[in-house]
Amino acid sequence: MSFASELNSLALAELSHFAQNATAADVEAALARSEASGKRISAADFAALISPAAAQPQYIEAMAQRSHDLTLRHFGRVIRFFAPLYVSNECINVCKYCGFSRDNPILRVTLTADQVAAEARYLRDQGFRHILLVAGEHPHFISDDYLRDCVARLHGDWPSISLEIGPLETAQYVPIVQAGAEGLVVYQETYDRGVYDAMHVSGPKKDFGWRLETPERAYAAGFKRLGIGALLGLAPWRNEAIALAAHAGYLLKKCWMAQLTISAPRLRPAAGEFRPLAPMSDRELVQFVCAMRIAFPEVGLVLSTRESAMLRDNLVPLGITMMSAGSHTEPGGYTGQGRETLHVTKGGRMIKPELPVIESEGEHATVQFEIADNRSPAEVAARLEQLGYEPVWKDWEGALNEA
Amino acid sequence: MTDKPRKLRVANRDFNSRLIMGTGKFASGEIMASALEASGAEMVTVALRRADLSGQRDKFANILTFIDTKKYVLLPNTSGARNAEEACRLARLGREATASTWLKLEIHPDPRYLLPDAVETLKAAEILVKEGFTVLPYINADPVLAKRLEDAGCATVMPLGSPIGSARGIETRASIEIIIEQATVPVVVDAGLGAPSHAAEAMEMGADAVLVNTAVAVAADPARMAEAFKAAVEAGRAAYEIGLAPKRKEADATSPLTGFLNER
């Protein structure tokens, strides 16, 4: 049985209703049970922890304290650093919220393996030893062989390489794992089938189930680290949290040897002028992080540069374990690689941009989304030290990723 | 009874301290170094995955630079390895990078409880002992596995008290008692010791040493907590060497039933 059938049998309506209407007594009981048993909390208790009642100051503080303690115990006073490296912003999907959406007339490029290596060298010099290769979905421009070549090229210099790419078959993942990749990140974006269908207008991404089962295929192919998440802002966040928790619980049992990470990216401004349909406040994000930590003490919680410096600093002690810093969300964003081959893609063909392209130093591919924390990696690291946390750049070894 | 504390002897090497320290989870290298100092430990374990194994003195993976190898026997560990093959690969790289042939063998494929895989641990121990490593394996409190690892040539066995980081103390008491009773190599109780009293308890039971990490690393004052563990380990060991009075439920009877035998 895959998670797709488990999601179908999840009592989502009931849990969602409870997440809206839990009382203070429900919240207190859920908190007490989670502290007493040391066991996995139930789906209903999780729903109580994400309810409006639990957002009251006294409860959210209690949750934060509990989350802080659990995080210290499992992860210590450390934050693991990673850097995203966008290798391509080509995409055949039409998704309403994404800057890379196929019909957006943006500047696109797919970096060659050499160019990827040059961008990676820059990140390495900044201190990063964990890298996340990110690409849109395009079987022509971003083939399995291309991804394998990029990984193979970086393997010797990078203790940990993960990918965030369009879903593939298990057999397609195997050579990428064998080339030295450790982790695979795939966000479901939204677990609400209706919203999913409306957001993903066309392209292979329209297939909800295919995407949902991606982590299981990745695990079968040998990936050691699985990242899941939802793009918060598409559907009501409480529903997303309930489904995400169910997904995490399922993967922890089924893919029991994998390190699991959860991300909760909130929608950011991007090309296409999309605005969040269901916004989530800072207080609610804090509540989300704490509830996830209480539910899953051993799961890594990832925070990207989508969030502001102020919020990121304050979220660190609350349960976050992995952070990016100084990120660029366009291919070539770090060192300007690929600038000479920038183009617009129409009908799968590269054409010279019609727009009057300014022949300046600043010419670059279009970003997937705007980042909010513009501090350099060194600045973020220094701030973490002030906060009493060690920024950990290397926490894996490439030799563990050899076939 | 001797009046001088007995030394811990592991693989022909003597140690005054019976507290082994872990180096993960600290807020900084400096804080870790001061905690190690305060603990009086003479053996410290370091996750190879955190260290620079490239030989390039990577300043972004500099955990080893905070550990004075003149003062401490370095016990690299294989945390992160999910099977014997990965553990052996990591161990060999670690030996090259650190020049230490001592190894804490850890194979825990499950990321939640970090419980050791008995099958893979035994397999790796057999290989690594033959390759000349001094192997200290982290194991569940399984007396038969402990004997098998001893037979394979391991320098110690390191049964867990409770899962890593859980601070639950010695939940495996009955099995650890059997391991201690039957062991011909030092028994190091590793993992789950959340309070100095847990460490003292292990020592009173007759464990030869304990390994502590989380309880010190995440304490508000790691160096003071390290001192507290040091004192507890010494107290527990002294009590064990002196011999504790057996526990009794009731006071001694004032009119013994066999008193008449002494009368004449």
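Just above sits the structure.
All of these numbers come straight from a predicted model, not from anything done at the bench. (Residues numbered from 1 in each chain as written. Chains lettered and ligands numbered in written order. Predicted model: local features only at pLDDT ≥ 70, side-chain atom pairs only at ≥ 80, totals over all residues.)

Here we come to the overall build of chain A. When helices and strands are tallied, chain A shows 15 helices and 13 strands. For 403 residues, the compact-globule estimate of 2.2 N^0.38 gives 22 Å, and the C-alpha radius of gyration of chain A, at 21 Å, lies within 12% of that figure. Residue burial in chain A is summarised as follows: out of 403 residues, 55% are buried. Within chain A, contacts between residues separated by at least 24 positions form 80% of all contacts whose residues are at least 6 apart in sequence. (Helix = DSSP H or I, 4+ residues; strand = E, 2+ residues; numbered from the N terminus. Rg over C-alpha atoms; globule rule 2.2 N^0.38 Å. Buried ≥ 20, exposed ≤ 12 C-beta atoms within 10 Å, placed from the backbone. Contact = placed C-beta atoms within 7 Å.)

A few words now on the interface of chain B and chain A. Contacts between the two partners involve 27 residues from chain B, matched on the other side by 24 residues from chain A. Elements represented by at least two residues in the side of chain B that touches chain A include exactly α2 (84-98) and α7 (214-217) of chain B. Here the side of chain B that touches chain A is built from residues that sort into 14 nonpolar, five polar and eight charged. (Nonpolar A, V, L, I, M, F, W, Y, C, P; charged D, E, K, R; others polar.)

Right, let's get into helix α6 (residues 113-126) of chain A. All names here are of chain A. Under the 1.5 Å per step criterion, the end-to-end length of α6 is 20 Å for 14 residues, consistent within 8% with the ideal 20 Å. Residues of α6 that are buried make contact with β1 (78-88), β3 (130-135) and α7 (144-155). Downstream of α6 by one or two residues, Gly127 has phi in the positive range, about 120°. (Expected span 1.5 Å × (residues − 1).)

Turning our attention to the nonpolar core. Leu85, Ile131 and Ala291 of chain A together with Val210 of chain B are the most contacted members of the largest nonpolar core, which has 206 residues in total. The element best represented in this core is helix α12 (residues 237-254) of chain A, accounting for nine residues. Contact partners of Val210 of chain B, with chain neighbours within four places excluded, come to Leu19, Val188, Val189, Leu193, Ala199, Ala202, Met203 and Val233 of chain B. (Core = buried A, V, L, I, M, F, W, Y, C linked by C-beta atoms within 7 Å.)

Residues and elements named next belong to chain B. Where helix α4 (residues 143-151) contacts helix α5 (residues 173-182), the axes come no closer than 9 Å and their chain directions differ by 30°. The angle between α4 and α5 places the two elements in the roughly parallel class. Judged by the twist between their axes, the crossing of α4 over α5 is right-handed. Each of Pro143, Ala146 and Lys147 in α4 lies in contact with α5, whose residues at this interface are Ser175, Ile178, Ile179 and Gln182. When grouped by side-chain class, the residues that make up the contact of α4 with α5 number four nonpolar, two polar and one charged. (Axes fitted to C-alpha atoms, helices over the stretch in contact; angles between N-to-C directions. Parallel < 35°, antiparallel > 145°, perpendicular 65-115°, else oblique. Left-handed = near helix turned anticlockwise from the far one by under 90°.)

Glancing now at unusual backbone geometry. Residue and element names in this part refer to chain B. In the Ramachandran plot, Ala11 falls in the positive-phi region, its phi being about 45° despite a non-glycine side chain. Of note, Ala167 is a non-glycine position whose phi angle comes to about 60°, a positive value. With respect to the helices, strands and loops of the structure, Ala167 is situated in the loop between β8 (158-159) and α5.

All names here are of chain A. Listed as buried for helix α8 (residues 170-178) are Tyr173, Ile176 and Val177. Relative to the axis of α8, the buried residues are bounded by an arc of 100° and lie together on one face. The elements touched by buried residues of α8 are α7, β4 (160-164) and α11 (214-221). (Arc of directions from axis to C-beta.)

Attention now goes to the packing of α8 of chain A against α11 of chain A. Residue and element names in this part refer to chain A. Running from N to C, α8 and α11 point in directions that differ by 50°, and their axes come no closer than 8 Å. The angle between α8 and α11 falls in the class oblique. Here the hand of the crossing between α8 and α11 comes out right-handed. Facing α8, whose interface residues are Thr170, Tyr173, Val174 and Val177, α11 presents Arg217, Ala218, Ala220 and Ala221. Split by residue class, the contact of α8 with α11 holds six nonpolar, one polar and one charged.

With that out of the way, let us pick up the environment of Trp158 of chain A. All names here are of chain A. Note that Trp158 resides in the loop between α7 and β4. With 25 C-beta atoms counted inside 10 Å, the residue Trp158 sits in the buried group. The sequence separation of Trp158 and Trp396 amounts to 238 residues, and the corresponding C-alpha distance is 9.2 Å. Ignoring anything within four residues of it in the chain, the contact list for Trp158 reads Arg129, Ile131 and Gly398.

Turning our eyes to something else, we now look at the environment of Glu86 of chain B. Inspection of the secondary structure assignment puts Glu86 of chain B in helix α2. A sequence separation of 131 residues divides Glu86 of chain B from Ala217 of chain B, and the C-alpha atoms of the two residues are 27 Å apart. With sequence-adjacent residues up to four places away left out, Glu86 of chain B is seen in contact with Leu400 of chain A together with Ala81 of chain B.

In this section: the pairing of strand β3 (residues 19-22) of chain B. All names here are of chain B. Where burial is concerned, the two faces of β3 agree: the one with Leu19 and Met21 and the one with Ile20 and Gly22 are both buried. Alignment of β3 against strand β10 (residues 209-212), held across three bridges, turns out to be parallel. Among the inter-strand pairings, Met21 is bridged to a residue of β10, identified as Val212. One ladder, built from two bridges, connects β3 with strand β4 (residues 43-47); its direction is parallel. (Pairing = 2+ DSSP bridges.)

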